[in-house]
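Structural description and commentary
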Amino acid sequence: MTDKTSNQMWGGRFAAGPDAIMEAINASISFDRRLAAQDIAGSRAHAAMLAATGVISDSDSEAIREGLLTVLSEIEAGKFEYSVALEDIHMNVEARLKEIIGEPAGRLHTARSRNDQVATDFKLWVRDQLDASEAGLLALIKALLGQAEAGADWVMPGFTHLQVAQPVTWGHHMMAYVEMFGRDLSRVRDARVRMNESVLGTAALAGTSFPIDRDMTATALGFDRPCANSLDGVSDRDFALDFLNCASISAMHLSRMAEELVIWSSAQFRFVALSDRFSTGSSIMPQKKNPDAAELIRAKVGRIFGANTGLMMVMKGLPLTYSKDMQEDKEQVFDAADSWMLALAAMTGMVQDMTANRDVLAVAAATGFSTATDLADWLVRVLGLPFREAHHVTGALVGLAESKGCDLPDLSLEDMQSAHSDITSDVFGVLGVENSVNSRVSYGGTAPEQVRFQIKRWKARL
């Protein structure tokens, strides 16, 4: 086959032939440059340890550490020139370091490999993202607590199957999301504890014969301890999967709330008004105010779920230890992290800015026979009916009210007694939505006193 034919097969983008293909598939600098700060931090800790253990001289260590700070300043200033030929961030940094300090730069890679180097860098980056997501979740939880406190006693409909079920309070509904995102927060914190072991010093896969001090580098980089097995250390990406699992579950929670905001802000519901900062108009319909931020949050889930599944597929079936497949671990984690952080920030902004339409919520709470369960409970509690019989009586009264075009509180006592003769006028005391929510005083219930108790508990916890 001629070179011309070969180039046509590869496509015009790779006019130089197979060498260009190999360079393109092998290089990761286009995306792993995001690890620059972590790479330099790991290298500086490694150089300090090499000097402390007598592997390299103090003067070489100092030159390396200072030179790395110069490289970092160039990167942060946008003056660093990346080279695809050098493949990755590690080789790019080391090559520039050699230009700056000369021969001592060659001693930096003593007692380590790119295998433990990249695992350390990636772990440091993911740990930073876990810290960022913790801060994002805390901000969202605090915004939800603010909404819950403002509307602890505002009545609204509670739904099952998106059908009116029973009255609840606005504060109770907001606190449901506090619990959801609170679990996300605990998962993030758990993941951080679990991943906080240093890989540095495991080298290619078997450790090193140099007298290194892995505890020293672990401490310098903020890890709790060094990992206990070099084979597992260089091949472990569970920390990235843990991060993606946290992001996926949290994104699912964000999408649920985003869906409610889309529904609630519609003209048919009008439960909330979203601020102009998180809404857009229509190019053709001047009356429109679209909840685009909520819709985009809802869509971000697909990217995050895809990243989670993608990395699982990359790691599936890989033999110990390192394989080049694992270079595919970063782009999807980077993308998922960006999507999650943006979604958290956007949801926090919407929650802080949104206005609940209290009067609309109250009217909606009283529709759909929302106090039917309160009626059934009254029949059990006061008349001593078995619940199944009370359920049947209540169903008959719902049917009667429906035929009359009214709600249960609007029925007369005579109407009530047509379903069961022992019903008294006391029943009307439980049929109002305010009475309904005030009666739900069980722990975790929707009564305002319970909502305020949970708000206080969460404020203390935070």
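Residue numbering note: each chain is counted from 1, following its sequence as written. In view of the model being predicted, local features appear only for residues whose pLDDT reaches at least 70, and side-chain atom pairs are presented and counted only at 80 or more, with totals across whole chains, interfaces and linings using the full set of residues. Water and hydrogen atoms play no part in the side-chain values, which are based on all heavy atoms of the structure.

In terms of regular secondary structure, the protein is built from 19 helices and six strands. For each residue, the accessible area found with a 1.4 Å probe, counting protein chains only, is set against the maximum for its type, and the residue is called buried under 20%, exposed over 50%, and partly exposed in between. Per-residue burial for the protein yields a buried fraction of 49% across its 462 residues. With residues, only the protein chains shown are counted as cover, and all accessible areas are computed by Shrake-Rupley using a 1.4 Å probe. When the accessible surface of the protein is summed, it comes to about 21,700 Å², and 53% of that surface belongs to carbon and sulfur atoms. Only four residue types enter the charge count: Lys and Arg as positive, Asp and Glu as negative, with His and the chain ends excluded. Taken as the charge location is NZ of Lys, CZ of Arg, CG of Asp or CD of Glu. Mean positive and mean negative side-chain charge positions of the protein (44 and 60 charges, respectively) differ by 1 Å. Comment: elements are numbered from the N terminus, with helices defined as DSSP H or I runs of at least four residues and strands as E runs of at least two.

For the rest of this paragraph, the subject is the pairing of strand E1 (residues 155-160). Between any two strands, pairing holds if DSSP finds at least two bridges. Relative to strand E2 (residues 163-169), E1 runs antiparallel, the two being bridged by six bridges. In the sheet register, threonine 160 faces E2, and the bridge partner there is glutamine 163. Where E1 folds back onto E2 in an antiparallel hairpin, the turn is made up of two residues, including histidine 161, whose phi is positive at roughly 55°.

We now examine the nonpolar core. Note on terminology: a nonpolar core comprises buried Ala, Val, Leu, Ile, Met, Phe, Trp, Tyr and Cys residues joined through side-chain atoms within 4.5 Å. Membership of the largest hydrophobic core comes to 98 residues, with the highest contact counts inside it found for Trp170, Trp340 and Met347. Examining the composition of this core, we find that 15 residues originate from one element, helix H11 (residues 238-264), more than from any other. With sequence-adjacent residues up to four places away left out, tryptophan 340 is seen in contact with Ser133, Leu137, Val188, Phe243, Cys246, Ala247, Ser250, Leu254 and Ile304. In this structure, Leu379, Val393, Cys406 and Leu431 belong to the second largest nonpolar core, which totals 20 residues. Whether two residues are in contact is decided by their heavy atoms, any of which lying within 4.5 Å being enough.

The subject of this paragraph is the packing of helix H12 (residues 292-315) against helix H13 (residues 330-353). Note on definitions: angles span 0 to 180 degrees between N-to-C directions of axes, and those axes are lines fitted to C-alpha atoms, for helices only across the stretch in contact. The N-to-C vectors of H12 and H13 enclose an angle of 155°; their axes lie 9 Å apart at closest approach. Taken together, the axis directions place H12 and H13 in an arrangement best described as roughly antiparallel. Our pair here, H12 against H13, has a crossing hand that is left-handed. Residues Ala293, Ala294, Ile297, Lys300, Arg303, Ile304, Ala307, Gly310, Leu311 and Val314 of H12 form the contact with H13, whose own contacting residues are Gln332, Val333, Asp335, Ala336, Ser339, Trp340, Leu342, Ala343, Ala346, Met347 and Met350. Grouping the constituent residues of the contact of H12 with H13 by class yields 15 nonpolar, three polar and three charged. Any angle that falls under 35 degrees is termed roughly parallel, while one over 145 is termed roughly antiparallel, one within 65 to 115 roughly perpendicular, and all others oblique. Each crossing gets its hand from how the near helix is turned against the far one by less than a right angle, where anticlockwise is left-handed and clockwise is right-handed. Residue type decides the class: Asp, Glu, Lys and Arg count as charged, Ala, Val, Leu, Ile, Met, Phe, Trp, Tyr, Cys and Pro as nonpolar, and the leftover types, Gly among them, as polar.

Looking now at a nonpolar patch on the surface. A patch consists of residues whose relative accessible area exceeds 30% and which take part in no salt bridge; residues with like charges are grouped when within 9 Å of each other, and nonpolar side chains (Val, Leu, Ile, Met, Phe, Trp, Tyr) when within 5 Å. For this document, the term salt bridge refers to a Lys or Arg side-chain nitrogen within 4 Å of an Asp or Glu carboxyl oxygen. A surface patch of nonpolar side chains, amounting to about 270 Å² of accessible area, comprises Leu205, Leu231 and Leu320. Mapped onto the elements of the fold, leucine 320 is located in the loop between H12 and H13.

Quick look at the layout of surface pockets now. Its boundaries defined by the atoms lining it, the largest pocket holds a volume of some 330 Å³. For cavity detection a 1 Å grid was placed over the protein atoms alone, and a set of points counts as a cavity when a 1.4 Å probe fits there but cannot get out; an open set counts as a pocket when protein lies on both sides within 12 Å along at least five of seven lines, with lining residues being those that have an atom within 4 Å of a point. Every residue lining the largest pocket is counted, 13 residues in all, and those nearest its centre are Gly158, Phe159, His173, Ala176 and Glu260. Of all the secondary structure elements, the ones that give two or more residues to the lining of the largest pocket are E1, E2, helix H8 (170-195) and H11. Top element by residues in the lining of the largest pocket is H8. It accounts for five residues. Residue composition of the lining of the largest pocket, by class: six nonpolar, five polar and two charged. Grid points are joined across faces, edges and corners, and a volume is the space filled by probe spheres set on the points.

Any Phe, Tyr or Trp ring, taking Trp's six-membered ring, that has another such ring centre within 6.5 Å forms a pair; planes under 30 degrees apart are called stacked, those over 60 apart edge-to-face, and the others tilted. Under the defined criterion, the tally for this structure stands at 12 aromatic pairs. Seen from their ring centres, phenylalanine 269 and phenylalanine 271 are 5.1 Å apart, and the 75° between their planes marks the pair as edge-to-face. Owing to a relative accessible area of 24%, phenylalanine 269 belongs among the partly exposed residues under this scheme. Residue phenylalanine 271 is classed as buried on the basis of its relative accessible area of 3%. Among the aromatic residues, those joined into a cluster by ring pairs are Phe159, Trp170, Trp264, Phe269 and Phe271. Sitting above the plane of the phenylalanine 334 ring, arginine 34 keeps its charged end 4.9 Å from the centroid. Look at NZ for Lys and CZ for Arg. If either is within 6 Å of the ring centre and within 35 degrees of the ring normal, a charge sits over the ring.

Quick look at the confidence of the model for the protein now. The pLDDT averaged across the protein works out to 92; a share of 94% of its residues lies at or above 70. Scored below 50 in pLDDT, residues 1-11 shows 10 contacts in the model against residues more than four places distant or in partner chains. pLDDT measures the predictor's confidence residue by residue and takes values from 0 up to 100.

What follows concerns the pattern of salt bridges. Inspection of every chain in the model, using the stated rule, returns 23 salt bridges. In this structure, glutamate 99 engages arginine 96 in a salt bridge whose closest nitrogen and oxygen atoms are separated by 3.0 Å. A residue pair is termed a helical-turn pair when its members lie 3 or 4 positions apart in one helix, as glutamate 99 and arginine 96 do in helix H6 (residues 89-101) at three residues. On the basis of relative accessibility, which here comes to 25%, the residue arginine 96 falls in the partly exposed class. For the salt bridge of aspartate 353 with arginine 277, the shortest nitrogen-to-oxygen distance reads 2.8 Å. With aspartate 353 in helix H13 and arginine 277 in the loop between strand E5 (272-273) and H12, this pair connects stretches of sequence that are 76 residues apart. In this structure arginine 277 comes out as exposed when scored by relative accessible area, which is 59%. Shared partners join several salt bridges into a network, and the residues in it are Asp60, Glu103 and Arg107.

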